[in-house]
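A look at the structure
Listed below, chain by chain, are the residues.
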Amino acid sequence: QAQGLPPFEMRRQIAMRKFAEIDTNKDNILDRLELTAFAVNQFLNMDQNEDRFLSEEEFKKAAEAEQNKVRAMVQTM
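The shown structure was predicted, so the numbers you read here are calculated from the model rather than taken from an experiment.

Bringing the overall build of the protein chain into the picture now. Helix and strand counts for the protein chain stand at three helices and zero strands. Reading the protein chain from its N end, one meets helices and strands in the order α-α-α. At 15 Å, the protein chain has a C-alpha radius of gyration far larger than the 11 Å of a compact globule built from 77 residues. Structurally, the protein chain occupies a C-alpha span of about 40 × 30 × 20 Å along its principal axes. A buried classification covers 12% of the 77 residues belonging to the protein chain.

Not every positive phi belongs to a glycine, and Asn28 is a case in point at roughly 65°. Residue placement: Asn28 occurs in the loop between helix H1 (8-22) and helix H2 (32-46). The backbone phi angle of Arg52 is positive, close to 70°, even though this residue is not glycine. By the secondary structure assignment, Arg52 is in the loop between H2 and helix H3 (56-75).

In this fold, Glu34 is placed in helix H2. For Glu34, which is buried and forms no salt bridge, the nearest opposite charge comes from Lys26, at a distance of 7.5 Å. A polar side-chain atom of Glu34 sits 3.1 Å from the main-chain amide nitrogen of Thr24. For Glu34, the contacting residues outside a window of four places in its chain are Ile22, Asp23, Thr24, Asn25, Asp27 and Ile29.

Mapped onto the elements, Lys61 comes out in helix H3. Residue class for Lys61 comes out partly exposed when judged on its relative accessible area of 49%. Between the C-alpha atoms of Lys61 and Glu50, which are eleven residues apart in sequence, the distance is 15 Å.

Packed helices, taken two at a time, are described by the angle between their axes plus the distance between the axes. Here H1 crosses H3 at 115°, and the two axes come no closer than 11 Å. On the basis of their axis angle, the class for H1 and H3 is roughly perpendicular. Crossing of H1 over H3 shows right-handed handedness. Contacts between H1 and H3 pair Met10, Ile14, Arg17, Lys18 and Glu21 from the former with Glu66, Lys69, Val70, Met73 and Val74 from the latter. Considered class by class, the residues forming the contact of H1 with H3 number five nonpolar, no polar and five charged.

The rules we used
Residues numbered from 1 in each chain as written. Predicted model: local features only at pLDDT ≥ 70, side-chain atom pairs only at ≥ 80, totals over all residues. Heavy atoms only, no water. Helix = DSSP H or I, 4+ residues; strand = E, 2+ residues; numbered from the N terminus. Rg over C-alpha atoms; globule rule 2.2 N^0.38 Å. Buried < 20%, exposed > 50% of the residue type's maximum accessible area, 1.4 Å probe, protein only. Lys, Arg positive; Asp, Glu negative; His and termini not counted. Salt bridge = Lys/Arg side-chain N within 4 Å of Asp/Glu carboxyl O. Polar contact = N/O pair within 3.5 Å; in protein donor to acceptor, adjacent residues only side chain to side chain. Contact = heavy atoms within 4.5 Å. Axes fitted to C-alpha atoms, helices over the stretch in contact; angles between N-to-C directions. Parallel < 35°, antiparallel > 145°, perpendicular 65-115°, else oblique. Left-handed = near helix turned anticlockwise from the far one by under 90°. Nonpolar A, V, L, I, M, F, W, Y, C, P; charged D, E, K, R; others polar.

The structure is reproduced here in structure tokens:
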């Protein structure tokens, strides 16, 4: 058990949920198109002012939003 981290099984479940989110065709394999689409969608969501660049502030807000998403997911486990 790494200090300050949730238990391994919880981290594994979080990772598998993220995998399932990215695996849009549900074949249990991530391909380049799925990963690219996920990355582009993440970028577009992070680019709040739609200037096609990420500022440090936009990046920080996205990181906080992701942390909140994971916290909410942990509460449902």
